[in-house]
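Here are the chains, one letter per residue:
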Amino acid sequence: GIEVSFTVTTSTVSAEVSWSKLDNTLGIITAYTIVYRQLGSSSPESMARVSATAKTGIVTGLLPRTAYSFSVYASTRIGDGIESAIVQHQGVSREPGKVTNIAVTFPSSSTAELTWSAPTDGAAPNEYVLYAYSEQPATAGSRRRRALARVAANNTVSASMMTGMLTGLKASTPYA
């Protein structure tokens, strides 16, 4: 039989599957196979084979924000062992979640300071892009972008608050 305790951690499009022990009474283990399938899919299972000395394996090519089932079995020269229990895991989002608690102050007539809370779901952002739009349309039905700033994700006020500055704003112009 199989004694298995394994975990799955996912990034955007890959999963690291690790196991602690697989008992196999058929002989010396020659390889491990990770079996995985998208939940709710009628497609056949996929497999990733790893060496007999490995206790982890990486599965690539997964879809973001998609649930998968994973299991592991050991193989010997005699044959395949019994498959482990199935673990289900939801992949993470490729995109960061929405920022919240946005606040704006104006230290000068041409500068806006923004603070916001970092997303609590989805992938971790690398940077934030700040825009200010003129309320006066450039053409019918559109707004004109007036300022842009890129802010590194580590530019924090506190553990969860972010800050960024927009400069070069035109005085007495309403922005959104």
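The structure under discussion appears in the preceding block.
Structural notes, computed from the coordinates. Please read these numbers as outputs of a predicted model, since none were measured by experiment.

## Describing the overall build of the protein chain
Right, on to step 1. Within the protein chain, the regular secondary structure consists of 0 helices and 12 strands.
Right, on to step 2. Going residue by residue from the N terminus, the α and β elements of the protein chain occur as β-β-β-β-β-β-β-β-β-β-β-β.
Right, on to step 3. Across the 176 residues that make up the protein chain, the buried fraction comes to 33%.
Right, on to step 4. Sequence-distant contacts, at least 24 apart, represent 55% of the contacts inside the protein chain between residues at least 6 apart.

## Quick notes on unusual backbone geometry
Right, on to step 1. Notably, asparagine 101 is not glycine yet its phi reads approximately 55 degrees, a positive angle.
Right, on to step 2. Assignment of secondary structure puts asparagine 101 in strand S8 (residues 100-108).

## Notes on a nonpolar patch on the surface
Right, on to step 1. Together, Val99, Ile102, Val104 and Phe106 give the surface a local cluster of nonpolar side chains, amounting to about 360 Å² of exposed area.
Right, on to step 2. With respect to the helices and strands, phenylalanine 106 occurs in strand S8.

## Describing the nonpolar core
Right, on to step 1. Grouped together as the largest cluster of nonpolar side chains are 15 residues, with contacts concentrated most on Val17, Trp19, Ile34, Tyr36, Val59, Leu62 and Phe70.
Right, on to step 2. Mapped onto this core, the elements with two or more residues apiece are strand S2 (14-19), strand S3 (31-38), strand S4 (46-51) and strand S6 (67-75).
Right, on to step 3. At 4 residues, S6 tops the list of elements feeding residues into this core.

## Topic: the environment of tyrosine 131
Right, on to step 1. You can see tyrosine 131 is positioned in strand S10 (residues 127-134).
Right, on to step 2. On the basis of relative accessibility, which here comes to 33%, the residue tyrosine 131 falls in the partly exposed class.
Right, on to step 3. Along the backbone, tyrosine 131 and leucine 166 are 35 residues apart, and their C-alpha atoms lie at a distance of 7.8 Å.

## A look at the sheet that holds strand S7 (residues 87-90)
Right, on to step 1. Strand order across the open sheet formed by 4 strands is S4-S3-S6-S7, with antiparallel pairing between neighbours. Two strands lie at the open edges of the sheet, namely S4 and S7, each paired on one side alone. With direction set aside, neighbouring strand axes in the sheet form an average angle of 30 degrees.
Right, on to step 2. Here 6 bridges tie S3 to S4, and the two strands are oriented antiparallel to one another. Considered in S4, the bridge of threonine 33 is made with arginine 49.

## Notes on the packing of aromatic side chains
Right, on to step 1. Going through the model one piece at a time under the given rule, you end up with 3 aromatic pairs.
Right, on to step 2. Where tryptophan 19 meets tyrosine 32, the ring centres are 5.1 Å apart and the plane angle is 55 degrees; that geometry is what we call tilted. Remark: tyrosine 32 occurs in strand S3 and tryptophan 19 occurs in strand S2; sequence separation between them is 13 residues. The exposure classification of tryptophan 19 matches that of tyrosine 32, with both residues buried.
Right, on to step 3. Ring geometry for tyrosine 68 versus phenylalanine 70: centroids 6.3 Å apart, planes at 45 degrees, classification tilted.
Right, on to step 4. Three or more aromatic residues joined by ring pairs form one cluster here, namely Tyr36, Tyr68 and Phe70.

Criteria and cut-off values
- Residues numbered from 1 in each chain as written.
- Predicted model: local features only at pLDDT ≥ 70, side-chain atom pairs only at ≥ 80, totals over all residues.
- Heavy atoms only, no water.
- Helix = DSSP H or I, 4+ residues; strand = E, 2+ residues; numbered from the N terminus.
- Buried < 20%, exposed > 50% of the residue type's maximum accessible area, 1.4 Å probe, protein only.
- Contact = heavy atoms within 4.5 Å.
- Patch = residues over 30% accessible without salt bridge, like charges linked within 9 Å, V, L, I, M, F, W, Y side chains within 5 Å.
- Areas by Shrake-Rupley, 256 points an atom, 1.4 Å probe, with all protein chains shown as cover.
- Salt bridge = Lys/Arg side-chain N within 4 Å of Asp/Glu carboxyl O.
- Core = buried A, V, L, I, M, F, W, Y, C linked by side-chain atoms within 4.5 Å.
- Pairing = 2+ DSSP bridges.
- Axes fitted to C-alpha atoms, helices over the stretch in contact; angles between N-to-C directions.
- Phe/Tyr/Trp six-rings, centres within 6.5 Å; stacked < 30°, edge-to-face > 60°.

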